Amino acid sequence: MTVRVSEGEDVTVHSIEALNEFLGTRPDMAALREAAEAHFAAHQARWDAAAEEIGYNTVFRAEREAGDWAQDLLEAFSTIAATTLAGVAGKLDAVLREGEAWEECSEFPWPQIRSALNDLVRFGKLEKVFNGERRS
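The sections below set out a description of the structure shown in this document.

Rules of the game
- Residues numbered from 1 in each chain as written.
- Predicted model: local features only at pLDDT ≥ 70, side-chain atom pairs only at ≥ 80, totals over all residues.
- Heavy atoms only, no water.
- Salt bridge = Lys/Arg side-chain N within 4 Å of Asp/Glu carboxyl O.
- Buried < 20%, exposed > 50% of the residue type's maximum accessible area, 1.4 Å probe, protein only.
- Helix = DSSP H or I, 4+ residues; strand = E, 2+ residues; numbered from the N terminus.
- Phe/Tyr/Trp six-rings, centres within 6.5 Å; stacked < 30°, edge-to-face > 60°.
- Axes fitted to C-alpha atoms, helices over the stretch in contact; angles between N-to-C directions.
- Parallel < 35°, antiparallel > 145°, perpendicular 65-115°, else oblique.
- Left-handed = near helix turned anticlockwise from the far one by under 90°.
- Contact = heavy atoms within 4.5 Å.
- Core = buried A, V, L, I, M, F, W, Y, C linked by side-chain atoms within 4.5 Å.
- Polar contact = N/O pair within 3.5 Å; in protein donor to acceptor, adjacent residues only side chain to side chain.

**Details of the pattern of salt bridges**
Now for step 1: Counted under the stated rule, the structure contains five salt bridges.
Now for step 2: Here Arg 26 and Asp 28 are joined by a salt bridge, their closest N and O atoms 2.9 Å apart.
Now for step 3: On the basis of relative accessible area, Arg 26 is assigned to the partly exposed category, the value being 38%.
Now for step 4: Residue Arg 114 pairs with Glu 104 through a salt bridge whose shortest N-O separation is 3.5 Å. With Arg 114 in helix α5 (residues 110-135) and Glu 104 in the loop between α4 (85-99) and α5, the pair connects residues that are 10 residues apart, well separated along the chain.
Now for step 5: The exposure class of Arg 114 is buried, given its relative accessible area of 15%.
Now for step 6: Overall, the relative accessible area of 53% leaves Glu 104 in the exposed class.

**Notes on the packing of aromatic side chains**
Now for step 1: Using the criterion set out here, one finds two aromatic pairs in the structure.
Now for step 2: Note on Trp 47 and Tyr 56: the rings are 5.8 Å apart at their centroids and 70 degrees apart in plane angle, and the pair reads as edge-to-face.
Now for step 3: Looking at Trp 47, the relative accessible area reads 47%, which means it is partly exposed.
Now for step 4: When the ring of Tyr 56 is compared with that of Phe 60, the centres are 5.9 Å apart and the planes differ by 20 degrees; the resulting orientation is stacked.

**Examining the packing of helix α3 (residues 56-77) against α4**
Now for step 1: Taken N-terminus to C-terminus, the directions of α3 and α4 make an angle of 140 degrees; their axes are 11 Å apart at the nearest point. Relative to α4, the element α3 is oriented oblique. In this structure, α3 crosses over α4, and the sense of that crossing is left-handed. Counted together, Ala 70, Gln 71, Leu 74 and Phe 77 of α3 and Lys 91, Ala 94, Val 95 and Glu 98 of α4 form the full contact between these two elements.

**Considering the nonpolar core**
Now for step 1: Core analysis: the largest hydrophobic core is formed by eight residues, namely Val 3, Val 11, Val 13, Leu 19, Leu 23, Met 29, Ala 36 and Phe 40.
Now for step 2: Ranked by size, the runner-up nonpolar core spans seven residues in total, among them Ala 89, Cys 105, Trp 110 and Leu 117.

**A few points about unusual backbone geometry**
Now for step 1: A cis amide bond links Phe 108 to the next residue, Pro 109, at an omega of 5 degrees.
Now for step 2: You will see that Glu 104, though not glycine, has its phi angle at about 65 degrees, which is positive.

**Some remarks on the side chain of Glu 100**
Now for step 1: Mapped onto the elements, Glu 100 comes out in the loop between α4 and α5.
Now for step 2: At 3.2 Å, the side chain of Glu 100 and the backbone nitrogen of Cys 105 are in polar contact.
Now for step 3: Side-chain polar atoms of Glu 100 contact the side chain of Arg 114, separated by 2.2 Å.
Now for step 4: If we ignore the near neighbours within four places in the chain, the residues touching Glu 100 are Val 95, Cys 105, Trp 110 and Arg 114.

This is how it looks when you write it as structure tokens:
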């Protein structure tokens, strides 16, 4: 919202907090403050109505709950010992999926973790081949 102060200067504010920071508690700004607060309240009401109409809040809440659940699983991974190579690979895969800023991130430690995960997968495949040949 753009607020015009008495000196003719236009200032853009994006929140009640920014408005109060700019205007302060000056009595000569009371009418301007009230009009701006009413504008923000009306804007928030429109936003809330639109969010309700499209189900934004429900989806946002579900997304947050899913993120919390994923975080709980990652924490559990750090306290439970893997008993197989597949379990270790699964833990590393979960860390990569949750922690990597973007796919194929080249910053430390992501290439090293991907490399270790690929090694584990390769060892797991070799182990299956060798175990299968011994049984024949």
